[in-house]
Amino acid sequence: MRKVCLIAGGIGKHLKPKLIAMINSGKHRGSDSFGVWTDGGVLKSEDFSEITKVPDGSIGLLQCRLAMTGSKRFTQPFFNDFALVHNGEIYNHRQIKEFLERRGVGFESDVDTEVILRLLEFQVENGSSIPESVRTLMRTLNGDYAVAFSDKKNIYLFRDPVGIRPLYYSQNGFFASEKKVLWSIGERAIPVNPGELVKISRKGIERVQLFTLSELKGEPFSYERAKLSIKKSLEYAVRLRSAKKVGVLFSGGLDSSLIALLASKYSDVVLYTAGAEGSQDLEWARKVSEKLGLRLREYVFDLDDVRSSLEKVMFAIEEPNPMNLAIGIPLYFATKLAREDNTKVLLSGQGADELFGGYAKYLTNPSLMEKDIVEIAEKNLARDDKIAMLNSVEGRFPFLDLNVVRSGLRTPLEYKIHNGVRKAILREVALEIGLPKEVAYREKKACQYGSNAQKILEKIAKKEGLRLSQFAEKVFYEVFEHT
């Protein structure tokens, strides 16, 4: 069951007004139903007019849910010894469920959120502390997840080790999937770091790092071993994240073309692209989709389209960052197109540049690669998740599967950047999988330039007599002036 949603909650006296405010400010992430657990009661409903019946209490968790596929009878929070809410997807939940059932653990649903809860309970019942149990979860769960749970006294928050789904907390004891949800109750948002456990108690906030990506490093691979590892792990990651019908965010570059080619082995694939007429990404998307024999849906935007999308994109990215605003525009139009097609899942090539040396800056400072993969959560993934959620679409990132990340971290630098060619080993893997050479070796501009979104934004800013950075700040304060 796919769950792209809002999770939120906190600790404090008479929480009801704040829980209601958080539901109202975050239900764009899940408008089909909501569920609330507090130490004063439980309410689950598909009717948002019933939020006035939210039980009061001094500790609470909530979820606003977007119905996608799978069982619809089970709305979060799940609760037993612990109460738990979860945003994201656990791709190996069936295997974990079978493991637990063989050890006598009972289940009431087929939902992966319950698998997280039962595995947590199983670990604690067998003598593990909560931090030890969460560390085991991080090493066991294959997926994209942000989780909050409570032992009825404290709240605990954690994200997957890459940080694919966003999660924030405040020093005053509240948390939410998006900053604006915390802003709505007067709180400042602080990111939960990937692989980190944050404990919220009445005494304050405690943080402990349980998993770092450096743990995935090991003995460097030989060239042939590296190629095989990248190929096998990426094929598996795409298969896990594919559905009967799947979309691919497509630019005609190496990363998205490779994902599209692999996905077409398992799914009915539709390619989605957005750009201004005459832009490099649009022209290459048309050319490469024909070579791959895959259907392309394109959104051709102009200055008026960009102007009309600005407030929506800024509402999503939640920061006056001109680069993220420019990247967000084609992403917004591509996910909008997918929504109109009723395509619920979009695969993305995000992460390939950081893992395999795609950016020009790595030629002079290759050490930035590992730094960038560690920081990708807040720099790129939070933006992509929140924009996709505006259009009720779930983004998935095969290159950020931990097995692919492990392959990337164990691939020596000289195989990634070779004779000035960036992503050299990934290009060779792509050729072996069947990507045409002119696609595998195409040098591509960054999204904001390849789509011409940056150029159009600069024109709009110039008409107002502003630099792009000033214009981004202006839009930000117009959107969030009341928060």
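In this report, the structure presented in the accompanying data block is examined. Note that the structure is predicted; figures quoted are calculated from it, not measured.

1. Overview of a positive patch on the surface
- A contiguous patch of positive charge on the surface is contributed by K445, K455, K459 and K463.
- Tracing the sequence through the fold places K445 in the loop between α18 (437-440) and α19 (447-450).

2. Observations regarding the environment of L294
- Structurally, L294 is set in the loop between α8 (280-292) and β16 (295-300).
- Sequence separation between L294 and L271 is 23 residues; the distance between their C-alpha atoms is 7.1 Å.
- In this structure L294 touches A260, S264, V269, L271 and S289, once residues within four positions along its chain are discounted.

3. Comments concerning the sheet that holds strand β17 (residues 345-347)
- Spatially, β16-β15-β14-β17-β18 is the arrangement adopted by the five strands of the open sheet, whose pairing is parallel. If you trace the sheet from one side to the other, it starts and ends with β16 and β18 (394-396), each paired once. Across the sheet, the mean angle separating the axes of adjacent strands is 30° when strand polarity is ignored.
- Looking at chain direction, strand β15 (residues 268-275) and β16 are connected through six bridges and run parallel. Opposite T273, over in β16, you have E298 as the bridge partner.

4. Remarks on helix α2 (residues 93-101)
- Where α2 is concerned, the buried positions are H93, I96 and L100. Down the axis of α2, the smallest arc covering the buried residues is 65°, so these residues share one side.
- Against the buried residues of α2 lie β6 (83-90), α3 (112-125) and α4 (130-140).

5. So, the packing of helix α9 (residues 303-317) against helix α20 (residues 453-463)
- Their axes nearest at 10 Å, the elements α9 and α20 cross at an angle of 75°. The angle between α9 and α20 places the two elements in the roughly perpendicular class. Taken together, the residues of α20 that come into contact with α9 (itself represented by L303, V306, R307 and L310) are I456, L457, K459, I460 and K463.
- Its residues assigned to classes, the contact of α9 with α20 comprises six nonpolar, no polar and three charged.

6. Concerning the packing of aromatic side chains
- For the structure shown, the criterion picks out 17 aromatic pairs.
- Pairing Y145 with F158 gives two aromatic rings, centres 6.0 Å apart and planes at 75°, and the pair type is edge-to-face. With a gap of 13 residues between them, Y145 in strand β7 (residues 143-150) and F158 in strand β8 (residues 155-159) connect regions that are remote in the sequence. The pair formed by Y145 and F158 is uniform in burial state, with each residue classed as buried.
- Relative to Y415, the ring of Y223 has its centre 5.1 Å away and its plane inclined at 75°; by these criteria the two rings are edge-to-face. Of the two residues, Y223 sits in helix α6 (residues 223-241) while Y415 sits in helix α16 (residues 413-416), which places them 192 residues apart along the sequence.
- Using a relative accessible area of 28% as the deciding quantity, one classes Y223 as partly exposed.

7. Considering the side chain of D255
- Its location among the elements puts D255 in helix α7 (residues 254-263).
- At 2.9 Å, the side chain of D255 forms a polar contact with the side chain of K423.

8. Topic: the pairing of β15
- In terms of residue burial, β15 counts as a mostly covered element, since seven of its eight residues are buried.
- The β-α-β motif built from strand β14 (residues 245-249), the intervening α7 and the parallel element β15 has right-handed crossover chirality.
- Considered for its hand, the β-α-β crossover made up of β15, α8 and β16 is right-handed.

9. A short note on the side chain of K386
- Along the chain, K386 falls in helix α14 (residues 376-390).
- Relative accessible area serves as the criterion here: at 2%, K386 is assigned to the buried category.
- A distance of 2.8 Å separates a polar atom in the side chain of K386 from a polar atom in the side chain of Y168.
- In this view, K386 contacts R29, P166, Y168, E178, A316 and E318; residues no more than four positions away in its chain are not counted.

Calculation criteria
- Residues numbered from 1 in each chain as written.
- Predicted model: local features only at pLDDT ≥ 70, side-chain atom pairs only at ≥ 80, totals over all residues.
- Heavy atoms only, no water.
- Patch = residues over 30% accessible without salt bridge, like charges linked within 9 Å, V, L, I, M, F, W, Y side chains within 5 Å.
- Areas by Shrake-Rupley, 256 points an atom, 1.4 Å probe, with all protein chains shown as cover.
- Salt bridge = Lys/Arg side-chain N within 4 Å of Asp/Glu carboxyl O.
- Lys, Arg positive; Asp, Glu negative; His and termini not counted.
- Charge placed at Lys NZ, Arg CZ, Asp CG, Glu CD.
- Helix = DSSP H or I, 4+ residues; strand = E, 2+ residues; numbered from the N terminus.
- Contact = heavy atoms within 4.5 Å.
- Pairing = 2+ DSSP bridges.
- Axes fitted to C-alpha atoms, helices over the stretch in contact; angles between N-to-C directions.
- Buried < 20%, exposed > 50% of the residue type's maximum accessible area, 1.4 Å probe, protein only.
- Arc of directions from axis to C-beta.
- Parallel < 35°, antiparallel > 145°, perpendicular 65-115°, else oblique.
- Nonpolar A, V, L, I, M, F, W, Y, C, P; charged D, E, K, R; others polar.
- Phe/Tyr/Trp six-rings, centres within 6.5 Å; stacked < 30°, edge-to-face > 60°.
- Polar contact = N/O pair within 3.5 Å; in protein donor to acceptor, adjacent residues only side chain to side chain.
- Right-handed = clockwise from strand over helix to strand, strands pointing away.

From the geometry alone we can't say anything about function, so treat these as descriptive.
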